[in-house]
Each structure stands twice: as C-alpha cells, then as structure tokens.
Amino acid sequence: MQDKTIDYILRFTWQTVSKMYNEEAAKYGATMATGFALLSIDKDKGIPSTALAPRMGMEATSLTRTLKSMEQRGLIVRKKNPADGRGVLIFLTEEGKQKRELSKQTVLQFNEVIKSKITEEQLTNFMQVADIINEQILEKEIFDKNIKLK
C-alpha cells in the first residue's frame, strides 16, 4: 500500500470495518449504526436526544431514521426531559440493554483480535498517527496553510 494516499487507506479501512460490523449486525437484524447508537446511550441515565448525534459524530438528520427504527424495534424509548419540557431523553429498554451488551462484545472482540496481531508499539504508533490527523483537521491545518507539494 506504499503508493496509496493516507486518505485512501483511511477510507478503504473504514469501509472494510463498516462492512464487517454491518455483516455481523445483520445476523441480529440490526446495523452498525444501531449498534453504535446503543453504545452511545448511557444504559442507566439515557441521553438527551440533542447530545446523541454529536457523541456519535453524526448529523442529527442522519440519526433520525436510525432512532425511529430502534424505537419501532423496542430498543429505545423517548421521554420528555423533566428538567426541560422542550427536550427529549432517550433511554434503552431491557431489549436495548441486551443488544447494547452484544454490540459491546462485538467491538471488544474486534479490538482483541487486532491487538493479538500487532505489537503494543504498533498500536501506540497507530493511535499517535490518528491523533495527529484529527488534530490537523480540527485545527484547520490542512488547507489553511500554503504547503508546497513534493
């Protein structure tokens, strides 16, 4: 992959991971988005609906369909926020908590398999590179500078 660009490798890897999670989730009639949402909702306290999309790194409009499907499947319930009558809190149902645990085990299994194939140093380097990429993007260091290309 030496001649591949960094963004190509990131995109290709994420598509592969996403496909893997969707295939696993499909065995349970779910999607990766459903699993990620289940993991992002506090199993005891719930979460304000307005906080869920940012926690997942999504736009709220993209999350709407997933939440509707989760509600129809009995994985979540929406309740008025007692502290703010205009707000809505999202809670996991018992079924949602069970599916959350299944999602958690799936993610942990992925992590353990990958960790068993690489060294601690490789994992540390990977995390450092990911941090640098995210930092450069968040600080708008990519396109706001006049960088001479090789």
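See the structure shown above.
Presented here is an overview of the structure given in this document. Because the structure is a prediction, the values reported are computed rather than measured.

### Overview of helix α5 (residues 94–117)
Here α5 contains 24 residues, and its C-alpha end-to-end distance of 35 Å stays within 8% of the 34 Å for a straight helix at 1.5 Å per residue. At its buried positions, α5 is contacted by α1 (6–26), α2 (32–40) and β3 (84–92).

### Structural notes on the pairing of β3
Within a regular strand, the side chains alternate between the two sheet faces. As defined by bridge partners, strand β1 (residues 47–48) adjoins β3 across two bridges and the pair is classed as antiparallel. Bridge pairing in β3 places I47 opposite I90. Note that strand β2 (residues 76–81) and β3 share six bridges and pair antiparallel. Bridge pairing in β3 places I76 opposite L92. Where β2 hands over to β3, the hairpin turn is made up of two residues, counted between the paired strands.

### Remarks on the side chain of T34
Mapping T34 onto the fold places it in helix α2. You can call T34 buried: its relative accessible area is 5%. With residues up to four places along the chain from it excluded, the contact list for T34 reads T66, M70, R73 and L75.

### Description of a nonpolar patch on the surface
A contiguous nonpolar surface patch, about 350 Å² in accessible area, is contributed by I137, I142 and F143. Position of F143 relative to the elements: it lies in the segment after α6 (120–138). The class of F143 is exposed, set by a relative accessible area of 76%.

### A closer look at the sheet that holds β1
The three strands are arranged β1-β3-β2 in an open sheet whose pairing can be described as antiparallel. On the outer flanks of this sheet lie β1 and β2, each paired with one strand and no other. Sitting on the sheet, helix α4 (residues 60–72) touches β2 and β3, and the angle it makes with β2 is about 110°.

### Points about the pattern of salt bridges
Evaluated as defined, the whole model comprises seven salt bridges. In this structure, K97 and E94 form a salt bridge, with 3.7 Å as the shortest nitrogen-oxygen distance. Taken together, the residues K97 and E94, both in helix α5 and three residues apart, mark about one turn of the helix. Judged by its relative accessible area of 56%, E94 is exposed. Note that K99 and E95 form a salt bridge whose closest N and O atoms lie 3.8 Å from each other. Separated by four residues within a single helix, K99 and E95 lie in helix α5, roughly one turn from each other. Of the residues examined, K99 reaches a relative accessible area of 22% and is grouped as partly exposed.

### Concerning the nonpolar core
I41, L52, L63, L67, M70, I76 and I90 are the most contacted members of the largest nonpolar core, which totals 14 residues. Of all the secondary-structure elements, those providing two or more residues to this core are α2, α3 (49–56), α4 and β3. Each residue touching L63, except ones within four places of it in the same chain, is listed here: L52, A53, M56 and M58.

### Comments concerning α2
Note: α-helices contain 3.6 residues per turn, so residues at a spacing of three or four share the same orientation. Those residues of α2 not exposed but buried are T34, G35, A37, L38 and S40. In this fold, the buried residues of α2 make contact with β1, α3, α4, β3 and α5.

### Points about the layout of surface pockets
The computed volume of the largest pocket comes to approximately 1400 Å³. What lines the largest pocket is a set of 39 residues, among which T13, W14, V17, Y21 and F110 lie closest to the centre. Listing elements by their share of the lining of the largest pocket, those giving two or more residues are α1, α2, α5 and α6. Residue composition of the lining of the largest pocket, by class: 27 nonpolar, eight polar and four charged. Computed from the structure, the second largest pocket encloses a volume of approximately 310 Å³. The set of elements that each furnish at least two residues to the lining of the second largest pocket consists of α1 and α6. With five residues, the top contributor of residues to the lining of the second largest pocket is α6. The class makeup of the residues in the lining of the second largest pocket is eight nonpolar, two polar and one charged.

About the thresholds
- Each chain has its residues counted from 1, following the order in which its sequence is written.
- Whole-chain, interface and lining totals are the exception, using all residues; otherwise, since this is a predicted model, local features are given only for residues with pLDDT of at least 70 and side-chain atom pairs are given and counted only at 80 or more.
- Working from all heavy atoms in the structure, the side-chain values ignore hydrogens and water.
- In this text, helices come from DSSP runs of H or I with a minimum length of four residues, and strands from runs of E with a minimum of two, each type numbered from the N-terminal end.
- The span one expects for a helix is its residue count, reduced by one, times 1.5 Å.
- In what follows, residue pairs with any heavy atoms lying within 4.5 Å of each other are defined as contacts.
- For two strands to be treated as a pair, DSSP must find no fewer than two bridges joining them.
- Any residue under 20% of the maximum accessible area for its type is buried, any over 50% is exposed, and the rest in between are partly exposed; the area is computed with a 1.4 Å probe on protein chains only.
- Patch membership requires more than 30% relative accessible area and the absence of a salt bridge. Residues of like charge join within 9 Å; the nonpolar side chains Val, Leu, Ile, Met, Phe, Trp and Tyr join within 5 Å.
- Only the protein chains shown count as cover for residues, and all accessible areas are computed by the Shrake-Rupley method using a 1.4 Å probe.
- A pairing counts as a salt bridge when a side-chain nitrogen of Lys or Arg comes within 4 Å of a carboxyl oxygen of Asp or Glu.
- Angles shown run from 0 to 180 degrees and are taken between the N-to-C directions of axes, each axis being a line fitted to C-alpha atoms and, for helices, limited to the stretch in contact.
- Definition used in this section: a nonpolar core is a set of buried Ala, Val, Leu, Ile, Met, Phe, Trp, Tyr and Cys residues joined via side-chain atoms within 4.5 Å.
- A cavity here means a set of points on a 1 Å grid, drawn over the protein atoms and nothing else, where a 1.4 Å probe fits but cannot get out; a pocket is an open set with protein on both sides within 12 Å along at least five of seven lines, and a residue lines either one if it has an atom within 4 Å of a point.
- Grid points are joined across faces, edges and corners, and a volume is the space filled by probe spheres set on the points.
- Here the nonpolar group is Ala, Val, Leu, Ile, Met, Phe, Trp, Tyr, Cys and Pro; Asp, Glu, Lys and Arg are the charged ones; every other residue, Gly included, is treated as polar.

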